[in-house]
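Fold and contact review
The residues making up each chain are set out below.
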Amino acid sequence: MSEVAALPNGWQLIVGLEVHVELATKTKMFSASANRFGDEPNTNIDPVTLGLPGALPVLNKHAIELAMRIGLALNCKVQPCTFHRKNYFYPDLPKAFQITQYDHPLNVDGHLMLPGDVRIGIERAHLEEDTGKSTHFGGASGRIHGSDYSLIDFNRAGVPLVEIVSRPDIRTSEQARQYVAELRSILLAVGASDAKMEEGSMRCDVNVSVHKPGTPFGTRCEIKNVNSIRSVGRAIDYESRRQVDLIESGGTIRQETRHWDDSTGRTETLRTKEDADDYRYFLEPDLVPLVPDQSWIDAVRAALPILPAARRQALAELCGVDKDGESAIVVVERGQDDYVREVISAGGDARRAVIYVQQAFAEQGASPKVSAKDLAALTVLERDSKVTSTQAKTLLTDLIEAGGGDVAAMATKRGFEALDTSAVEAMVDAAIAAEAGAWQKYCNGEEKALGALVGAIMKSSKGKADGKVITALLQAKRP
Amino acid sequence: MQKLVEIASGVSGGTLSASEVVEEYLKRISARESEIHAFNLVTADQARHDAGKIDNDVKAGKKVGALAGVPIALKDNMCTRGVETTCSSKILQGWKPPYDATVVTKLRNAGAVIVGKTNLDEFAMGSSTENSAFGPTRNPHDISRVPGGSSGGSAAAVAAGFAAASLGSDTGGSIRQPAALCGVVGVKPTYGTVSRYGLVAFASSLDQIGPFASDVRDAATLLETISGHDPMDSTSIPQPALSLVSVLDQGVKGMRIGRVTDLPEGCEPDVLERLEAAFDALRSAGATIVDVKLPSLQYCLTAYYLIAPAEASSNLARYDGVRYGNRVDAADLNSMYAATREAGFGEEVKRRIMLGTYALSAGYFDAYYGKALKVRRLISDDFARAYQSVDTILTPTSPSVAFKFGSKTDNPLAMYLCDVFTIPTNLAGHPAMSVPFGVGADSMPVGIQVLASTLGEQVMFKVAAELERAS
């Protein structure tokens, strides 16, 4: 994958990400209206949400706690903080300012680790409120300019957000994808957000620039509307190539905000720096400083679950797989690592357990219907060569369909009763006699001939003989 | 005219009918309101209905509140559920809030009867009510003169006997200055004492609701009712309601009263004469007068006219024609914003929005808003030093008695100087109140301002009560 992102002529990609996540609170950041996605438009509203004259914000304690969980999970320092007003006019911003954190955010100076022990710095993770959602009708672009009319849903207005700002430590589009995926799994693990990019509860703005190593970073462009992990990679690949091409053809990069169009696979100018609003930040006078006391911070830290990276590490060590490999990643992401542990406790084969769960339990969730004992029994059947790996796969499907059961009985029902080694040995001897040509070739060192012999024996056993056992016997018999 | 406390005790004791009280006040309103224009809206039907309900409750033996049957007027920047709340601005004309301000809920729970919404300078920006989009309020003592502002309607309503008491809001003097000019008592409590929830914001870090009444005891009673912690206002101080009435008769013996030796210039001699008389009265009552210096006082007006407009520019940005209030349609979004705000806001509001936007802009923030915040800290430090040697400070409330209509409208700076004595307490978040203390030029009322430190309301009210006894 990283080959795709590699830039020509020694150009180096520099990426920083700003990720917004909606917090999984019951109510909004500053009022008692429900924080719930998918309700009838403009039903979760109140004077505070609508910014009615006289309404005042009151901080949601649970939102602060979830933001602290994010900060602590990202190794940030949690500190006393303040809220500011970010002033700009837009119809879906009811007060014409957003309450956000500016020079004193809640969480600062953290980091997140990517595969290969790549460390990505986290500059800050601050609290703010979401805006309403505008939908523009008429016109071609789906944007407000040129539209006939617009509708606004204020259900989203005032939903608590945490904005997680990385340092510009990302060097490839693959790392950017890994960063977003890892961040997402952390958010899910600590219960801070449902982090659904397709529903907008997790949104990425990508800052991209290019430079030659040893020279200062280039001018960056911020890309908005990047709505999936795949788009993060595509947008970075496109944008970095665009910047390199522009510079190499004698142009200069303007600092601007660009819009990612997923259908065309291109970015285009949304607004330039000159058009940018002066947000006139100042301290929000309707709120007081937030000073989380140390005992609260300690309690939140103590209640944090074991994070995905540590869980992958532990699972990898237990099962003898790579901590950055697919099975560790997938099983931990699905929250099935405890289940794998149970399978092993029930006497199961560790490596087979994690791979079975990775390959066959995508729909099973964190508490699969198949009991740990039953899956353990299956891994043992295969490990002890009572069934072949092909048969084991069939039995695994049976087991999932039945929601568990006696695996040995299922094997018998399928006619998968095990052939003992002496029976296989008889078949091997028969095959050596029947396929004398192939055997001779194999004895002369032609390894390819082995395949034909194994195939013949498998066929005569009707799939009941284990390929590995056959191979071992043939190797032993070779002079 | 009956005092608030007499009405409340009469109604709850069954010796006075709330309905009859309200009729008497409504009669006075209809006799003189066309001349005074204290109200944007008189809620006569609702008032009659509410008074009838209180009488029924009393007859039925139900417990009624501390303000049972008391006719109260509300400045028209406090939200009243289903009742038009305009801030005397065209941009909010016709807007009916879907909720009651916390003070309104507290008044209703106490059995008060709201008789109407009073006129103000648009969005509370002004010192004469001449900035109301619906025409000025006239001073009941002389209708050729202003009642002060911005809570001019609330002050005039009490002075004219249209209500037994009223509520105003004070950002830089908007309760105390009109109280002085109309000859009534007006109180700006400690910031955070009275909930701002439902008060339409002008400058959030300075705004505070407070009472107008015809005497100190009524003002104390009303303030007790509306004060206390409100979880809906994050800046509300977590403490119970103030206790004030019990201290009113305690006198000032042994108290140290501050006289500011570096008071800004520009105060009229008739007003300064009354201030000296006030010091004499307190001295006679056993207090000591102590000189104090407040060197940062001279910068307060400038700092205020950066901080208040800065916050206002942000608070008033929501009036964009999108969700409520008036909209002037135009070709595109930005043109609609511009046309709506051009038509909806008056000159003074526009002036302050522009001042405030400028003060907060990139490249100017540090020189203007940032500096103003430093002055705010300096004046707080000055006060802290002064209150080490005194219990309260006395100043004039307004540099002059009520002035004639139009005499300052062409000169915004002259108008801003009306608040020179009142602004410092807002910057510090302290309490201050104005008490009538005789008359000055043309027999117009003069108010003396009593200042105290944070949550020093009790000492402040003791001094105010003493001045009232001496006047």
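Here we come to the nonpolar core. One finds Leu127, Ile164 and Tyr179 of chain A together with Phe123 and Ile393 of chain B to be the most contacted residues of the largest nonpolar core, which totals 127 residues. Here the element with the most residues in this core is helix H9 (residues 297-315) of chain B; it accounts for 11 residues. Counting 80 residues, the second-largest nonpolar core is a separate cluster that includes Val21, Val104, Val115 and Ala220 of chain B.

Turning our eyes to something else, we now look at the packing of aromatic side chains. Under the definition given, this model contains 22 aromatic pairs over all chains. Taken together, a centroid distance of 4.0 Å and an interplanar angle of 15° make the contact between Tyr102 of chain A and Tyr281 of chain A stacked. Of this pair, Tyr102 of chain A sits in the loop between strand E4 (97-100) and strand E5 (107-114) while Tyr281 of chain A is found in the loop between strand E13 (266-272) and strand E14 (282-283), placing the two residues 179 residues apart along the sequence. On the basis of relative accessibility, which here comes to 36%, the residue Tyr102 of chain A falls in the partly exposed class. Note on Tyr281 of chain A: relative accessible area 21%, which makes it partly exposed. Aromatic rings pair up to connect Trp95, Phe123, Tyr319, Tyr324 and Phe345 of chain B into one cluster. Lying over the aromatic face of Tyr442 of chain A, Arg478 of chain A brings its terminal NZ or CZ to 4.1 Å of the ring centre.

Now for the sheet that holds strand E6 (residues 208-213) of chain B. Whether parallel or antiparallel, the strands of a sheet pair through hydrogen bonds between backbone atoms. All names here are of chain B. The strand order across the open sheet built from 11 strands is E1-E3-E2-E4-E6-E5-E10-E11-E9-E7-E8, with neighbouring strands paired in mixed fashion. Each edge of the open sheet is held by one strand with a lone partner, namely strand E1 (39-42) and strand E8 (288-292). Taken pair by pair, the neighbouring strands of this sheet meet at an average axis angle of 30°, ignoring direction. In the sheet, strand E7 (residues 256-260) pairs with strand E9 (residues 392-396) via 3 bridges, with the strands oriented parallel. Paired with Gly258 across the strands is Ile393, a residue of E9.

Now for the packing of helix H8 (residues 337-345) of chain A against helix H10 (residues 372-383) of chain A. Residues and elements named next belong to chain A. Two elements in contact, H8 and H10, have axes separated by 8 Å at closest approach and are oriented at 65°. Considering how the two elements wind past one another, H8 and H10 form a crossing that is right-handed. Along the contact surface, H8 presents Tyr339, Glu342 and Val343, while H10 presents Ala372, Leu375 and Ala376. In the contact of H8 with H10, the residues fall into 5 nonpolar, no polar and 1 charged.

The share of residues in chain A with pLDDT of 70 or more is 98%, and the mean pLDDT across the chain is 92. Counted against residues more than four places away or in other chains, residues 1-5 of chain A, with its pLDDT under 50, gives 6 contacts.

Quick look at the pairing of E4 of chain A now. All names here are of chain A. Alternating positions in E4 separate into two faces, Phe97 and Ile99 on one and Gln98 and Thr100 on the other, with burial throughout. One ladder, built from 4 bridges, connects strand E3 (residues 84-87) with E4; its direction is antiparallel. Looking at E4, one finds that Asn87 is bridged to Phe97.

With that settled, the discussion passes to the state of the cysteines. Residue and element names in this part refer to chain A. Enumeration according to the criterion identifies 0 disulfides over all chains in this entry. Not part of a disulfide, Cys81 finds its nearest cysteine sulfur in Cys76, a span of 12 Å. Cys76 provides the cysteine sulfur closest to Cys204, a residue in no disulfide bond, and the two sulfurs are 17 Å apart. Relative accessible area serves as the criterion here: at 2%, Cys204 is assigned to the buried category.

In this section: the side chain of Lys408 of chain B. All names here are of chain B. Assignment of secondary structure puts Lys408 in the loop between E9 and helix H13 (412-416). Buried within the structure, Lys408 lacks any salt-bridge partner; Glu268 is the closest side chain of opposite charge, at an N-O distance of 6.8 Å. Once you skip the residues sitting within four places of it in the chain, Lys408 turns out to touch Phe403, Ala414, Met415 and Cys418.

Residues and elements named next belong to chain A. The end-to-end C-alpha distance of helix H13 (residues 421-434), which contains 14 residues, comes to 20 Å, matching closely the 20 Å that a straight helix rising 1.5 Å per residue would cover. Val424, Val428, Ala431 and Ile432 are the residues of H13 that are buried. Summarising the axial view, the buried residues of H13 lie within an arc of 100°, below the 170-degree limit, and thus occupy one face. The exposed residues of H13 that point more than 90 degrees off its buried face are Ser422, Ala433 and Ala434. Turning to H13, the residues buried within the fold contact helix H14 (436-443), helix H15 (448-460) and helix H16 (467-477).

Quick look at H16 of chain A now. Residues and elements named next belong to chain A. Those residues of H16 not exposed but buried are Gly467, Ile470, Leu473 and Leu474. Taken around the axis of H16, the buried residues stretch over an arc of 130°, which confines them to a single face. Looking at H16, the residues exposed on the side facing more than 90 degrees away from the buried face are Lys468 and Ala476. If you follow the buried residues of H16, they end up packed against H13, H14 and H15.

The rules we used
- Residues numbered from 1 in each chain as written.
- Chains lettered and ligands numbered in written order.
- Predicted model: local features only at pLDDT ≥ 70, side-chain atom pairs only at ≥ 80, totals over all residues.
- Heavy atoms only, no water.
- Core = buried A, V, L, I, M, F, W, Y, C linked by side-chain atoms within 4.5 Å.
- Buried < 20%, exposed > 50% of the residue type's maximum accessible area, 1.4 Å probe, protein only.
- Helix = DSSP H or I, 4+ residues; strand = E, 2+ residues; numbered from the N terminus.
- Phe/Tyr/Trp six-rings, centres within 6.5 Å; stacked < 30°, edge-to-face > 60°.
- Lys NZ or Arg CZ within 6 Å of the ring centre and 35° of its normal.
- Pairing = 2+ DSSP bridges.
- Axes fitted to C-alpha atoms, helices over the stretch in contact; angles between N-to-C directions.
- Left-handed = near helix turned anticlockwise from the far one by under 90°.
- Contact = heavy atoms within 4.5 Å.
- Nonpolar A, V, L, I, M, F, W, Y, C, P; charged D, E, K, R; others polar.
- pLDDT = per-residue confidence, 0-100.
- Disulfide = S-S within 2.5 Å.
- Lys, Arg positive; Asp, Glu negative; His and termini not counted.
- Salt bridge = Lys/Arg side-chain N within 4 Å of Asp/Glu carboxyl O.
- Expected span 1.5 Å × (residues − 1).
- Arc of directions from axis to C-beta.

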